[in-house]
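Listed below, chain by chain, are the residues.
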Amino acid sequence: MTLLSKSFDAIIIGAGHNGLVNACYLQRAGLNVLVIEKNDWIGGAAVSRELTPNILYSNCSYVCSLFRPEIMRDLELPKHGLQIIGIDGGVVFTKDGGYLASYRNHNAKRREMARHSVRDSEAYELYSRDVTKQCRFIQPLLMRTAPDPTSFKIRDISELFYLIKQFNNLSANQMAETVRFWTMSISDFLNEYFENNVIKASLALSGIIGTALGPMSPGTAYVLLHHYMGEVDGSIGAWGYARGGMGAITKALTSSFKASGGQIITQSEVSKVIVKNNSARGVVLENGDEYNSKTVISNADVKRTFLKIVEEKELPGNFVKKVKNFKIRGSSGKVNIGLDSLPNFPAIKNGDPCIKGDIHFTDSIERMELAYDDWKDGKWSSDPFLDMMIPTLTDPTMAPPGKHFMSCFVQYCPPKVGGEGWTKQDRDKFGETVINQIADYSPGFKEKIIHMEIRTPKELEDEVGLTEGNIFQGELTFDQLLFNRPIPGYAQYRSPINGLYICGSSTHPGGGVMGAPGRNAAIEILKDMNKNHSHASSAYDVI
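This one's a predicted model, so the numbers in the text were calculated from it and none came from an experiment. (Residues numbered from 1 in each chain as written. Predicted model: local features only at pLDDT ≥ 70, side-chain atom pairs only at ≥ 80, totals over all residues. Heavy atoms only, no water.)

### Remarks on the overall build of the chain
Along the backbone of the chain there are 17 helices and 21 strands. Rg of the C-alpha trace for the chain: 23 Å, near the compact-globule value of 24 Å for 543 residues, within the 12% margin. Projecting the C-alpha coordinates of the chain onto the three principal axes gives extents of approximately 65 × 60 × 45 Å. Across the 543 residues that make up the chain, the buried fraction comes to 61%. In the chain, the proportion of contacts linking residues at least 24 apart, taken out of those at least 6 apart, comes to 73%. By element, 49% of the accessible surface of the chain is carried by carbon and sulfur atoms, the whole surface being about 21000 Å². (Helix = DSSP H or I, 4+ residues; strand = E, 2+ residues; numbered from the N terminus. Rg over C-alpha atoms; globule rule 2.2 N^0.38 Å. Buried < 20%, exposed > 50% of the residue type's maximum accessible area, 1.4 Å probe, protein only. Contact = heavy atoms within 4.5 Å. Areas by Shrake-Rupley, 256 points an atom, 1.4 Å probe, with all protein chains shown as cover.)

Written as structure tokens, this is what we have:
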């Protein structure tokens, strides 16, 4: 598009979902905002792409739950076409030919658990209650800017007192359990409730998704909590599909942004942030074009922002060192498949609604841990953990009748193979490993494939801009949460450079298609500008 001006009130680098959320709030505050995107498509990791004729792929992120309902209301996203459809259930297939199904109906879910362990079906009530307690503690913090514990500003002191108050509302036993929960492994946590291996495996997956840790690694219990804090239509912990693929979210955000007068340019990679006298003054594109603004917001991760598009000489040495030490380790890949017909899984009856949700083949935590061992050796897992879904069973708009899109999220997949860069041969073998595992449980599966896209951490970094292919823009470990995310002293979306902000998932409260980092950053920017931010509604309690 042709821009009438090269000067703006704010420039946002990257049209991913957090960048677009940030842009929408700033534009609605009356600012003149420009979003600059390096690709010829908009959406970052939340996209729908037609990579084979007539079949839409959610080829990066693939399910929706964490996206905040406050943001959906503020930006009127349903008015701009966004619809979220709840997922019906899920299934774990076992090596012995059996299965454990999961259903949205709570009683049906418990009956299925009882088929494997009556004791575990009863323990599930206690487990759900205890996880909900942890959600109640952390969820109100998602839409609040983390305090700086070293600051004596009134706002930071107030937020610290809020945190202390939240913690003091817990009993002494709950305090101990909360601290313990945040630091323990998902394996140890589940062992306190359940005895059956398949049931534990079905629940452990949320503790390792997108994380360079195994289920027996300390800190993975919190990762499970991070995935449990979402909702679909008021159903806490539920997951859903965006009708039309995940790109429907960023399409609605783009529509909302443009309806307010915002502008987006694509195929325009930013090479450098212009800095003068320790203040941001705009950006330079790869083609040499310059755009001016005293407010620049990066939706890229913290390493990509401060080690690539900001010159090191403009930053304090200690800050650069901490950025380099921030953990962004790629651990996952993605295989997207176009199918000529619906796969057959003989273990379950045709038409069972569990197949409409997440499909897994890893039936024990030990198998997950062995898959992680391969990653530590610099190899993709020979027996990977797949989080597999067939969205077209729920959303027929993504493919013609009878055809299907299958999404396979794969753990574990290293950013380098044996310390070397990925080759085409490596990538093909990685894809073959995934297909072979599916075919073990679905006879004739390979003959149904009409198209396949294989994405390793290399493709995720090169195409989407995710350093090492880390989907959360930084690991969700205790040392990288709240006021430590991304760096102590800079957890409030600001940087050492005046007027330069970050709004991506490297910031509080972290990754997933949530939108909270973009929204929270917008509020801080508007405060710095002395602009009204009442159009950003406060978070509300839903648990």
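### Observations regarding the pairing of strand 7 (residues 99-103)
Two elements, strand 6 (residues 89-93) and strand 7, share 5 bridges in a ladder whose sense is antiparallel. Bridge pairing links G89 to Y103 in strand 7. Linking strand 6 back to strand 7 in an antiparallel pair, the connection comprises 5 residues, with G97 at a positive phi of about 90°. (Pairing = 2+ DSSP bridges.)

### Regarding the packing of helix 4 (residues 118-138) against helix 9 (residues 220-228)
Packing of helix 4 against helix 9 leaves a shortest axis separation of 10 Å and a crossing angle of 80°. When the axes of helix 4 and helix 9 are compared, the pair comes out roughly perpendicular. Residues Y127, V131, Q134, C135 and I138 of helix 4 form the contact with helix 9, whose participating residues are Y222, L224, L225 and Y228. The residue makeup of the contact of helix 4 with helix 9, split by class, is 8 nonpolar, 1 polar and no charged. (Axes fitted to C-alpha atoms, helices over the stretch in contact; angles between N-to-C directions. Parallel < 35°, antiparallel > 145°, perpendicular 65-115°, else oblique. Nonpolar A, V, L, I, M, F, W, Y, C, P; charged D, E, K, R; others polar.)

### Brief notes about the nonpolar core
The biggest cluster of nonpolar side chains holds 54 residues, and the ones touching the most others in it are Y127, W182, F189, L190 and F194. Looking at this core, the elements with two or more residues in it are helix 4, helix 6 (172-183), helix 7 (186-191), helix 8 (197-204), helix 9, helix 13 (365-376) and strand 18 (385-389). By size, the runner-up hydrophobic cluster in this structure holds 44 residues, among which are V35, A252, V513 and A522. (Core = buried A, V, L, I, M, F, W, Y, C linked by side-chain atoms within 4.5 Å.)

### Section: the sheet that holds strand 14 (residues 290-292)
If you trace the 3 strands from one edge of the open sheet to the other, you get 12-13-14, paired in antiparallel fashion. The open sheet terminates on both sides in strands that have one partner only, identified here as strand 12 (270-276) and strand 14. Shown here is a sheet whose adjacent strand axes are inclined to one another by a mean of 25°, direction ignored.

### Things to note about helix 9
Helical periodicity: at 3.6 residues per turn, an α-helix aligns residues three or four positions apart in one direction. Within helix 9, 9 of the 9 residues are buried, leaving the element largely enclosed by the surrounding structure. Among the residues making up helix 9, those that are buried are T220, A221, Y222, V223, L224, L225, H226, H227 and Y228.

### Some words on a nonpolar patch on the surface
Together, F152, I157, F161 and I164 make up an exposed nonpolar region whose accessible area comes to about 470 Å². When you line up the elements, F152 lands in the loop between helix 4 and helix 5 (154-168). Given the relative accessible area of 76%, F152 is considered exposed. (Patch = residues over 30% accessible without salt bridge, like charges linked within 9 Å, V, L, I, M, F, W, Y side chains within 5 Å. Salt bridge = Lys/Arg side-chain N within 4 Å of Asp/Glu carboxyl O.)

### A look at helix 1 (residues 17-28)
Helix length check: helix 1, at 12 residues, gives a terminal C-alpha distance of 17 Å against a target of 16 Å (1.5 Å per residue), a fit within 8%. Of all 12 residues in helix 1, 11 are buried, a share of seventy percent or more. Within the span of helix 1, buried status applies to H17, N18, G19, L20, V21, N22, A23, C24, Y25, L26 and Q27. Phi turns positive, to about 100°, at G30, one or two residues after helix 1. (Expected span 1.5 Å × (residues − 1).)

### Focus on unusual backbone geometry
Cis peptide bonds are those with omega within 30 degrees of zero, and the linkage from Q411 to Y412 qualifies with 15°. As for its position among the elements, Y412 is in the loop between strand 19 (404-411) and helix 14 (424-441). The phi dihedral of Q473 falls on the positive side, at around 55°, and the residue is not glycine. By secondary structure assignment, the location of Q473 is in the loop between helix 16 (457-464) and strand 21 (500-502). Since its relative accessible area comes to 10%, Q473 is described here as buried. One non-glycine residue, Y493, adopts positive backbone phi at about 75°. Tracing the chain through its elements places Y493 in the loop between helix 16 and strand 21.

### Re the pattern of salt bridges
Charged atoms that come close allow side chains of opposite charge to pair. Applying the stated criterion across every chain yields a total of 27 salt bridges. For D340, the salt bridge identified is with K403, shortest N-O distance 2.4 Å. Taken as a pair, D340 in the loop between strand 16 (332-339) and strand 17 (358-360) and K403 in the loop between strand 18 and strand 19 lie far apart in primary sequence, 63 residues in all. When salt bridges with common partners are traced through the structure, they connect R494, E524, K527 and D528 into a single cluster.

### Brief notes about the sheet that holds strand 11 (residues 263-265)
Sheet strands associate in pairs through backbone hydrogen bonding, adopting either a parallel or an antiparallel arrangement. On the basis of which strands lie adjacent, the open sheet formed by 5 strands has the order 11-2-1-15-21 and parallel pairing. A single partner strand is all that each edge strand has here, and the edge strands are strand 11 and strand 21. Between one strand and the next, the sheet's axes are offset by a mean angle of 20°, whatever the strand orientation. Pairing analysis gives 4 bridges linking strand 1 (residues 10-13) to strand 2 (residues 33-36), with the strands arranged parallel. Paired with I12 across the bridge in strand 2 is V35. Along the sheet, helix 10 (residues 247-259) makes contact with strand 2 and strand 11, crossing strand 11 at roughly 125°.

### Structural notes on empty space enclosed by the protein
Empty space among the atoms can be located by rolling a probe the size of a water molecule over them. This model, assessed by the stated rule, comprises 4 cavities of 30 Å³ or more. Roughly 50 Å³ of volume is contained in the largest cavity. Forming the boundary of the largest cavity are I138, L142, W182, Y222, L481, L482, R485, H508 and P509. A class-by-class count of the residues in the lining of the largest cavity yields 7 nonpolar, 1 polar and 1 charged. (1 Å grid on protein atoms, 1.4 Å probe; cavity = no way out; pocket = protein on both sides within 12 Å on 5 of 7 lines; lining within 4 Å. Points joined across faces, edges and corners; volume = space filled by probe spheres on them.)

Purely geometric numbers; function is a separate question.
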